[in-house]
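Spelled out, the chains give:
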Amino acid sequence: MISGTAYGVALNDREQLAGLGEALNHAPYGKPPVAPILYVKPRNCFAAAGSAVALPDDIAEVAVGATIAIERTAAGPHLARLAIDLFAPHASFYRPAIAERCRDGFLPVGPATAVPDALSTIEIVTAINGAERHRWSFARLVRSPDTLARDIADFMTLAPGDILLCGIAGDAPVARAGDRIEITATGFAPLSVTLVAEQAR
Amino acid sequence: MKHVRLIHAGREQWGVVTADEQAIALADGTSVGWGDITLLPPVTPGATIFALGLNYADHSVELGFKPPSQPLVFLKGHNGFVAHNGVSPKPRDADQMHPECELVAVIGRTAKRVSAADALDHVAGYTIACDYAVREFLENYYRPNLRVKNRDALTPLGPWVVDAADVGDPQALALTTTVNGATVQSGSTRDMVFPVAELIAWLSSFMTLSPGDMILTGTPHGVHFVSEDDAVICEVERVGRLAHRVGLKP
């Protein structure tokens, strides 16, 4: 499904960054971020469209980070996939959120398709159990997909097969075991998964 | 046995270094000399790369931190890897680039919720990483941030993966780094805050580890900034000796 590394970008939502306000100037941060804040979603997270994602018993609610991933290719233009960055909500961005973000199945991704023309202002809608719960636009991104690509290339190279999740809304809705999640955006097939309680150990 | 990843006859493959270390046995039964291959970093495509911060108490103190109460794990891509005898380019806009010699555990079988007591049964072997940090780019967001720890070609890896059985106790190995022959790091894996078995137990308590995944287990005391053309050698007892040269980013 994904042959390379999946990278995400934290605090790339202008509204979320504004909401943190003065806190960014105090410990443990000291100052607002300068470069893109990247994280990795490792391969155990990858899940196909339609998957049943098991919610571990220590995570009652997951944030549903509906976004678009840009995929590098060896030749030809980049591709795009709808993606859901699932994570345990966390208030601190000081240390890498491995236990929060890297659970099995916590990155459902849809099939690759052409990058939409209006990527920088695309709207992504999240429905949970059939009801719209969240809607956001890439116009909210601190760094647009093009700017991200340029600023990341300053210190590392994305290889063919790597994907980059362009950002997560700070107000991403939460979901629980039993919920059906569907995200949609113009130009993509809807991406849906269900959350199930992990089998008792 | 020592397993190397290489290019020979136009094809990527794995080989096994012969006992006298003079040749490499290939899967097709033939044997080739070192001059007939290009060595690659011994990594499985797609593998998850875990790395540890502050996993040696003396290095934590050196950086002004208390040793952590749970493992400080971060993840890396594959863009950083460079093979034995490769070149690691120093950025032009930074001078605080320091080598970090690390024991790397390579997962050999799927691990989910394994106990520390059983954890080492899930290790296929060990290799060596020199996981550079470039301190000018430190920011306090998901620290250590990728701009510090995931730069292109700043993670020499290899030269090979040694079978776990040939290494024995992973917590009794000397590690050293030399720069132009002078020792800048000298430690022992016995001083890890979280030993290999506990790292595997902790990670597998909440995620599944798969064959080929690698854990870069952290580095001991000794922060030394390198310069262009420095010759750097990281050595881990019973595993091997990983050499590279410092270049300059174009």
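Residues numbered from 1 in each chain as written. Chains lettered and ligands numbered in written order. Predicted model: local features only at pLDDT ≥ 70, side-chain atom pairs only at ≥ 80, totals over all residues. Heavy atoms only, no water.

(A) Geometry of the sheet that holds strand 9 (residues 123–128) of chain A. Residue and element names in this part refer to chain A. Spatially, five strands are ordered 4-14-13-9-10 in an open sheet, and the strand pairing comes out mixed. The outermost strands of the open sheet, each flanked by one partner alone, are strand 4 (52–55) and strand 10 (131–137). Averaged over neighbouring strand pairs, the angle between their axes works out to 25° when direction is ignored. (Pairing = 2+ DSSP bridges. Helix = DSSP H or I, 4+ residues; strand = E, 2+ residues; numbered from the N terminus. Axes fitted to C-alpha atoms, helices over the stretch in contact; angles between N-to-C directions.)

(B) A look at the nonpolar core. Formed by 126 residues in total, the largest nonpolar core has its most connected members in Ile68(A) and Ile181(A). Per-domain counts for this core show at least three residues from each of domain 1 (1–39) and domain 2 (41–248) of chain B. Excluding residues that lie within four positions of it along the chain, Ile181(A) makes contacts with Val64(A), Ile84(A), Leu86(A), Thr126(A), Ala127(A), Ile128(A), Ala175(A), Leu191(A), Ser192(A), Val193(A) and Leu195(A). (Core = buried A, V, L, I, M, F, W, Y, C linked by side-chain atoms within 4.5 Å. Buried < 20%, exposed > 50% of the residue type's maximum accessible area, 1.4 Å probe, protein only. Domains from an automatic or database assignment. Contact = heavy atoms within 4.5 Å.)

(C) Geometry of helix 5 (residues 196–204) of chain B. The element helix 5 of chain B is largely enclosed, with a buried count of seven among its nine residues. Considered for burial, the residues of helix 5 of chain B that qualify are Val196(B), Ala197(B), Leu199(B), Ile200(B), Ala201(B), Leu203(B) and Ser204(B).

(D) Main features of the side chain of Asn12(A). Residue and element names in this part refer to chain A. Among the secondary structure elements, asparagine 12 is positioned in the loop between strand 1 (6–10) and helix 1 (14–20). In terms of polar contacts, asparagine 12 uses its side chain to reach the backbone amide nitrogen of arginine 143, at 2.8 Å. Sequence-distant contacts of asparagine 12, defined by excluding residues within four places in its chain, comprise Arg140, Leu141, Val142, Arg143, Leu148, Cys166 and Gly167. (Polar contact = N/O pair within 3.5 Å; in protein donor to acceptor, adjacent residues only side chain to side chain.)

(E) How the structure looks around the environment of Gly170(A). Residues and elements named next belong to chain A. Here glycine 170 lies in the loop between strand 11 (163–165) and strand 12 (174–175). According to the relative accessible area criterion, glycine 170 is partly exposed, its value standing at 42%. Those residues in contact with glycine 170 that lie beyond four places of it in its chain are Asp13, Gln16 and Arg140.

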